[in-house]
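Single-letter residue listing:
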Amino acid sequence: MTATSPPIVLRTPNVPRKNFAQYLTGYAFIAPALIIMVVFLIIPMLFATFLSLTNWDGIKPLSQAGAFDVIGLKNYQTLLFSGTLRQKVFFEAIRNTVYFVIGVVPTQTLLALVLASIVNQRWLRGKGFFRTAFYFPSITSSVVISIIFLWMFNQSGLINATIHAILPAYDSVNWLRNDNGLLHGVLGIFGINQQTVGGWASTEVAGMPLWDWLKGPSVTMFTIMLLNTWTTIGTLMIIYLSALQNIPSSVYEAAQVDGATGWTTFRRITVPLLRPTTFFVITLGLIGTFQVFDQVYVISSGASSTTTIAYYVYTAGYKDNLMGLSTAAAIVLFIIIFILTQIQRRITNDTANN
């Protein structure tokens, strides 16, 4: 009879549990950031949500009796479903903001990537100068740059003078007080207008004819879009440049050995590896363009064709003394940005998985 050896019992080492002092130390480290976030982000958001459910005028002290009444979702109904002039103006602001986003975000993302790729080349001399020159507008006051654009784009300004020097027959355009839509102008060249396209163009959507929804950004809004693109590509270029410098050189060396051309390398290697950075850049662009205010305020003072959602929030709260309606518009803006960010994130993740 052979003796069987006893089974081997594996014992896990004793892992010391975190004591109270360790937990307290961890929370102490995150406490400053957590307190700042709660005081300056969470509480204001909750307070704004409450104000959007009231008819407070923004002037009477909240502690005063009768300063406001809780009216529920009436402010949201006024903005979205009332069919009144305020709903029309709000939807005009949405239209202008959407055109602004569509025009600026893709342009600034593409230009930032191209500039970052150029200044990242080894053969380029004076890279430090070009990086500083491209980035300089981003650190300059947007109000100051807006005033410079006022001087450049007024009817007797530098832009019109330069175009007139090249084309003597050119009729100076009033870039800063021009509500004509660019898309309407392009269609008008081919004789297409509201009368020629048929009755569907007169169909009203949110108090505006469908033809007005399809007018495109106005000439003044197009000027502001140029300004915003110029002032933001520097920062986005730096972000892309940092990501480009983190790509291992061995990847490009392997592609070169395999005979890949420069364009193939850029399209098949650089762009896919920059996908997380592109998501970050587009997210910043969406948030920034949906919240554009200062340049609109300085250049056009919120003309009908340049009123954005952020400017509508300002006028409703501080000019019309409708702080409840203003905060409701701000909440709608937050929801729009959140939804679009989630959609863009889903698209980016699906593309990465494929």
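Residues numbered from 1 in each chain as written. Predicted model: local features only at pLDDT ≥ 70, side-chain atom pairs only at ≥ 80, totals over all residues. Heavy atoms only, no water.

So what exactly am I meant to see when it comes to the overall build of the protein here?
Along the protein, the regular secondary structure elements total 15 helices and two strands. Relative to its length of 354 residues, the protein is extended, with a C-alpha radius of gyration of 28 Å against a globular reference of 20 Å. Dimensions of the protein, computed from C-alpha atoms along their principal axes, come out at roughly 110 × 70 × 45 Å. Buried residues in the protein amount to 34% of all 354 residues. A separation threshold of at least 6 residues defines the contact pool for the protein, and within that pool the share at least 24 residues apart is 68%. Summing over all exposed atoms, the protein offers an accessible surface of approximately 21700 Å²; the carbon and sulfur share of this is 67%. (Helix = DSSP H or I, 4+ residues; strand = E, 2+ residues; numbered from the N terminus. Rg over C-alpha atoms; globule rule 2.2 N^0.38 Å. Buried < 20%, exposed > 50% of the residue type's maximum accessible area, 1.4 Å probe, protein only. Contact = heavy atoms within 4.5 Å. Areas by Shrake-Rupley, 256 points an atom, 1.4 Å probe, with all protein chains shown as cover.)

Would you take a moment to explain the nonpolar core for this structure?
Considering soluble globular proteins, one finds that nonpolar side chains tend to be buried as a cluster. Of all hydrophobic cores here, the largest spans 23 residues; its most connected members are Leu-79, Phe-90, Phe-290, Ile-309, Tyr-312 and Ala-329. For this core, the elements supplying multiple residues, two or more each, are helix H2 (74–80), helix H3 (85–119), helix H12 (275–290), helix H14 (309–318) and helix H15 (323–353). It is H15 that provides the largest number of residues to this core, a total of seven residues. Apart from the residues lying within four places of it in its own chain, the contact partners of Phe-90 are Leu-79, Leu-80, Ile-309, Tyr-312, Ala-329 and Val-332. With 18 residues, the next largest nonpolar core counts Phe-149, Tyr-170, Met-221 and Leu-227 among its residues. (Core = buried A, V, L, I, M, F, W, Y, C linked by side-chain atoms within 4.5 Å.)

I'm lost on the pattern of salt bridges in this one. Help?
Pairing between side chains of opposite charge can happen when the charged atoms of each approach one another. Under the criterion given, the structure shown has one salt bridge. One salt bridge in this structure joins Asp-320 and Arg-86, with 3.5 Å as the shortest N-O distance. With Asp-320 in the loop between H14 and H15 and Arg-86 in helix H3, this pair connects stretches of sequence that are 234 residues apart. Asp-320 sits in the partly exposed class, given a relative accessible area of 39%. (Salt bridge = Lys/Arg side-chain N within 4 Å of Asp/Glu carboxyl O.)

What am I meant to see in the packing of H3 against helix H9 (residues 219–245) here?
For any two helices packed against each other, one specifies the inter-axial angle together with the distance between the axes. Running from N to C, H3 and H9 point in directions that differ by 40°, and their axes come no closer than 7 Å. Taken as axis vectors, H3 and H9 run oblique relative to one another. Considering only the axes of H3 and H9, their crossing is right-handed. When grouped by side-chain class, the residues that make up the contact of H3 with H9 number 18 nonpolar, nine polar and no charged. (Axes fitted to C-alpha atoms, helices over the stretch in contact; angles between N-to-C directions. Parallel < 35°, antiparallel > 145°, perpendicular 65-115°, else oblique. Left-handed = near helix turned anticlockwise from the far one by under 90°. Nonpolar A, V, L, I, M, F, W, Y, C, P; charged D, E, K, R; others polar.)

It is not clear to me how the packing of aromatic side chains should be interpreted in this structure. Could you clarify?
What characterises a pair of aromatic rings is the spacing of the ring centres plus the angle enclosed by the ring planes. What the rule picks out here adds up to 17 aromatic pairs. Judged by centre distance (6.4 Å) and plane angle (40°), the rings of Tyr-297 and Tyr-311 are tilted. Remark: Tyr-311 occurs in helix H14 and Tyr-297 occurs in helix H13 (residues 294–299); sequence separation between them is 14 residues. Relative accessible area serves as the criterion here: at 39%, Tyr-297 is assigned to the partly exposed category. Among the aromatic residues, those joined into a cluster by ring pairs are Phe-293, Tyr-297, Tyr-311, Tyr-314 and Tyr-318. (Phe/Tyr/Trp six-rings, centres within 6.5 Å; stacked < 30°, edge-to-face > 60°.)

Which parts of the structure should I look at to understand unusual backbone geometry?
What is expected of a backbone is that most residues other than glycine have negative phi and most peptide bonds are trans. A positive phi angle is found at Asn-321, which is not glycine, with a value near 55°. Residue position: Asn-321 is located in the loop between H14 and H15.

Quick question: what am I supposed to make of the confidence of the model for the protein here?
Of the residues in the protein, 91% have a pLDDT of 70 or more, and the chain-wide mean is 85. Mean pLDDT across the secondary structure elements of the protein bottoms out at strand S1 (residues 204–205), with 70, and peaks at H2, with 93. (pLDDT = per-residue confidence, 0-100.)

Sorry if this is basic, but what is going on with the side chain of Thr-327 here?
Tracing the chain through its elements places Thr-327 in helix H15. With residues near it in sequence (within four places) discarded, Thr-327 still touches Ala-48, Leu-51 and Ser-52.

Sorry, what's going on with the environment of Ser-202 here?
Take Ser-202: it is sitting in the loop between helix H7 (182–189) and S1. A C-alpha to C-alpha distance of 43 Å links Ser-202 and Val-271, two positions 69 residues apart in sequence. With sequence-adjacent residues up to four places away left out, Ser-202 is seen in contact with Gln-194 and Pro-209.

Whenever I open this one, the side chain of Thr-265 confuses me. Can you help?
Within the secondary structure layout, Thr-265 lies in helix H11 (residues 262–273). According to the relative accessible area criterion, Thr-265 is buried, its value standing at 12%. With near-sequence residues (within four places) excluded, Thr-265 lies in contact with Tyr-252, Ala-255, Ala-260 and Thr-270.

What should I look at first to understand the environment of Thr-229 in this one?
Note on placement: Thr-229 falls in helix H9. Separated by 117 residues in the primary sequence, Thr-229 and Ala-112 place their C-alpha atoms 9.7 Å from one another.

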